[in-house]
Amino acid sequence: VVDADSGSFARTAREEYPIFSNRLPSFEYSIWECVDSQVLDSSVDMPTGMALSLDGERLFVAERGTGNILVYDIASRTRLFSIPTQFTSIGGMAVSPSSGELYFV
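Residues numbered from 1 in each chain as written. Predicted model: local features only at pLDDT ≥ 70, side-chain atom pairs only at ≥ 80, totals over all residues. Heavy atoms only, no water.

Focus on the packing of aromatic side chains
- For the structure on display, the rule yields one aromatic pair.
- Seen from their ring centres, Phe 87 and Phe 104 are 5.7 Å apart, and the 80 degrees between their planes marks the pair as edge-to-face. Of this pair, Phe 87 sits in the loop between strand 8 (78-83) and strand 9 (93-95) while Phe 104 is found in strand 10 (residues 102-104), placing the two residues 17 residues apart along the sequence.
- Look at Phe 104 and you get partly exposed, because its relative accessible area is 31%. (Phe/Tyr/Trp six-rings, centres within 6.5 Å; stacked < 30°, edge-to-face > 60°. Helix = DSSP H or I, 4+ residues; strand = E, 2+ residues; numbered from the N terminus. Buried < 20%, exposed > 50% of the residue type's maximum accessible area, 1.4 Å probe, protein only.)

Structure representation (structure tokens):
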């Protein structure tokens with residue numbers, strides 16, 4: 001859990017991390033420092049993607065190591081359940097803004 005309002009802008013990341021930057025100026029990103037953060041669940045096996053439900057009440061976390069999708073309640077910060085998939089790994093996830101359905105690859 002990261003409190004985005006607790007940090008401050010440090011510098012742009014283009015020069016420091018060129019492999020992650022596109023040459024177009026619209027792809028610039030920044031480095032923020034001194035942000036307050038807490039670990040939600042240290043038992044997650046290689047998290048590779050996160051998605052937030054449309055109502056902001058559930059967090060979906062993909063486990064690359066197991067192919068499972070973990071579902072957390074934001075308010076209580078607890079794991080509700082795990083969704084097994086037929087895949088051995090998951091690369092990322094997104095929630096459809098129109099239907100609220102969860103998609104993963």
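What follows picks up the thread again.
Some thoughts on unusual backbone geometry
- Backbone geometry places Met 46, a non-glycine residue, at a positive phi of 55 degrees.
- Note on placement: Met 46 falls in the loop between strand 4 (36-37) and strand 5 (47-52).
- We note that Arg 77 has phi near 60 degrees; this positive angle belongs to a residue other than glycine.
- Inspection of the secondary structure puts Arg 77 in the loop between strand 7 (69-73) and strand 8.
- Taking relative accessible area as the criterion, Arg 77 reaches 35% and is therefore assigned partly exposed.

Remarks on the sheet that holds strand 6 (residues 58-63)
- Strand order in this open sheet of four strands is 5-6-7-8, and the pairing throughout is antiparallel. With one partner strand each, in any of the chains shown, strand 5 and strand 8 form the two edges of the open sheet. Between one strand axis and the next, the sheet turns through 25 degrees on average, direction left out of account.
- Two strands pair when backbone bridges link them, and strand 5 and strand 6 are joined in this way by five bridges, in the antiparallel orientation. Looking at the pairing, Leu 52 lines up with Leu 59 of strand 6. (Pairing = 2+ DSSP bridges. Axes fitted to C-alpha atoms, helices over the stretch in contact; angles between N-to-C directions.)

Overview of the environment of Ser 82
- Here Ser 82 shows up in strand 8.
- Judged by its relative accessible area of 33%, Ser 82 falls in the partly exposed class.
- A C-alpha to C-alpha distance of 9.3 Å links Ser 82 and Phe 60, two positions 22 residues apart in sequence.
- Every residue in contact with Ser 82, bar those within four places of it in the chain, is listed here: Asn 68, Ile 69 and Leu 70. (Contact = heavy atoms within 4.5 Å.)

So yeah, pure geometry; function would need other evidence.
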